[in-house]
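Structural characterization, general
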Amino acid sequence: RIYVWLADPERRPTTGSFFVRPFEFLACLHSLYADHADQALRHLLHHDFAAILLDVQMPGIDGFETARLIRSRDRSRFTPIIFLTQFSRSRSQTWEAYSLGAVDYIVKPFDPSVLKWKVSVLVDLHQKNAQLAERSSLLQDVNAQLEKQQADLEWERNFMQSVLDTANSLVI
């Protein structure tokens, strides 16, 4: 399963809203919603995410501090974060967002279709990374098997050589 985490207190899920089925064009995608940082961070304990959409201003811990906590965990250190904000794009907030590893910083209101395209790219990258990790694991297994076979063949060659050396010493 592929998860996208939506942490935006202004976009409570309602029937037919953008955030209820935001990415229904991706059948494999599951969206988890959180309206405050504590709830959002609990999701990290149970799931890996293809992307995190994170509001800058959240109740309690703000989006930037939430991002710091996300980045402090090894499992989520490289999870792409798209910051959403209702505030004007100040240089300091933009700089802080990108210094925390944001892949984008979007000012509300925004075009939902543009966000869907951006998330679909991140989901695609997530899937490709998962495939690469799986293939890398398979290659490591095959490599380990080949190394064992090589060691076995080396042992057999050494054994055969010692048998031949013993036979030659008996003939002379």
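Up top you'll find the structure we're talking about.
In this convention, every chain numbers its residues from 1, walking through the sequence in written order. Reporting of local features is limited, given that this is a predicted model, to residues whose pLDDT is at least 70; pairs of side-chain atoms are given and counted only at 80 or more, and all residues count toward the totals for whole chains, interfaces and linings. The side-chain numbers reported here are obtained from all heavy atoms of the structure, hydrogens and water having been left aside.

With that settled, consider the overall build of the chain. Here a helix means four or more residues in a row that DSSP labels H or I, a strand means two or more in a row labelled E, and each is numbered from the N terminus. For the chain, the count of helices and strands is 4 helices and 5 strands. Reading the helices (α) and strands (β) of the chain from amino to carboxyl end gives β-β-α-β-α-β-α-β-α. Across the chain, every contact between residues at least 6 apart in sequence was considered, and the portion connecting residues at least 24 apart equals 62%. With residues, only the protein chains shown are counted as cover, and all accessible areas are computed by Shrake-Rupley using a 1.4 Å probe. Summed over all atoms, the accessible surface of the chain reaches about 11,000 Å², with 56% contributed by carbon and sulfur. Here, residues are in contact when the closest pair of their heavy atoms is within 4.5 Å.

What follows covers the environment of Leu-115. Position of Leu-115 relative to the elements: it lies in helix 4 (residues 112-171). Partly exposed residues are those whose accessible area sits between 20% and 50% of the maximum for their type, while under 20% is buried and over 50% is exposed, using a 1.4 Å probe and protein chains only. Using a relative accessible area of 1% as the deciding quantity, one classes Leu-115 as buried. Along the primary structure Leu-115 and Asp-104 are separated by 11 residues, whereas in three dimensions their C-alpha atoms are 10.0 Å apart.

Helix length check: helix 4 (60 residues) gives 87 Å between terminal C-alpha atoms against 88 Å at 1.5 Å per residue, within 8%. Of all the positions in helix 4, only Leu-115, Val-119, Ser-120, Leu-122 and Val-123 are classed as buried. To estimate how far a helix should extend, the number of its residues minus one is multiplied by 1.5 Å.

Three or more residues of helix 1 (residues 37-46) are buried, namely Ala-37, Ala-40, Leu-41, His-43 and Leu-44. Along the axis of helix 1, the buried positions cluster into a sector of 140°, meaning they face one direction only. Set apart from the buried face of helix 1 by more than 90 degrees, the exposed residues are Leu-45 and His-46. This arc corresponds to the set of directions leading from the helix axis out to the C-beta atoms.

In this section: the pattern of salt bridges. For side chains of opposite charge, pairing can occur when their charged atoms come near one another. For this analysis, a salt bridge means a side-chain nitrogen from Lys or Arg found within 4 Å of a carboxyl oxygen belonging to Asp or Glu. Considering all chains together, one arrives at 9 salt bridges under this definition. A salt bridge links Asp-74 to Arg-77; the shortest N-O distance between them is 2.9 Å. Asp-74 gets classed as exposed once you look at its relative accessible area, which sits at 61%. Here Arg-77 falls in the partly exposed class, since its relative accessible area comes to 35%. Across the pair Lys-118 and Asp-104 runs a salt bridge whose closest N-O atoms are separated by 2.2 Å. In this pair, Lys-118 is assigned in helix 4 and Asp-104 in strand 5 (residues 102-107), connecting sequence segments 14 residues apart. Judged by its relative accessible area of 13%, Asp-104 is buried. The structure contains a network of salt bridges with shared partners spanning Glu-65, Arg-68 and Glu-96.

The description of two packed helices rests on the angle between their axes and on the distance between the axes. Remark: helix 1 packs on helix 2 (residues 63-72), axes separated minimally by 11 Å, with the N-to-C direction vectors making an angle of 15°. With respect to helix 2, the axis of helix 1 lies roughly parallel. Here helix 1 and helix 2 pass one another in a crossing that is right-handed. Between helix 1 and helix 2, the residues in contact are Ala-37, Leu-41 and Leu-44 and Thr-66, Leu-69 and Ile-70, respectively. Three classes are used, and their members are as follows: Ala, Val, Leu, Ile, Met, Phe, Trp, Tyr, Cys and Pro are nonpolar, Asp, Glu, Lys and Arg are charged, and the others, Gly among them, are polar. Here the residues of the contact of helix 1 with helix 2 sort into 5 nonpolar, 1 polar and no charged. Helix axes are fitted to C-alpha atoms over the stretch in contact, other axes to C-alpha atoms as well, and angles between N-to-C directions run from 0 to 180 degrees. Our angle categories are set so that under 35 degrees counts as roughly parallel, over 145 as roughly antiparallel, 65 to 115 as roughly perpendicular, and the remainder as oblique. Handedness of a crossing is defined here by the sense of rotation of the near helix relative to the far one, left-handed for an anticlockwise turn of less than a right angle and right-handed for a clockwise turn.

Nonpolar core, defined: a set of buried Ala, Val, Leu, Ile, Met, Phe, Trp, Tyr and Cys residues in which side-chain atoms within 4.5 Å join the residues together. Within the largest apolar cluster, 17 residues are counted, with the highest numbers of intra-cluster contacts made by Leu-54, Phe-64, Ile-70, Ile-81 and Phe-83. Of all elements in the fold, only helix 1, strand 3 (49-55), helix 2, strand 4 (81-85) and strand 5 reach the threshold of two or more residues within this core. Membership of the second largest hydrophobic core comes to 12 residues, among which are Ile-82, Leu-84, Leu-115 and Val-119.

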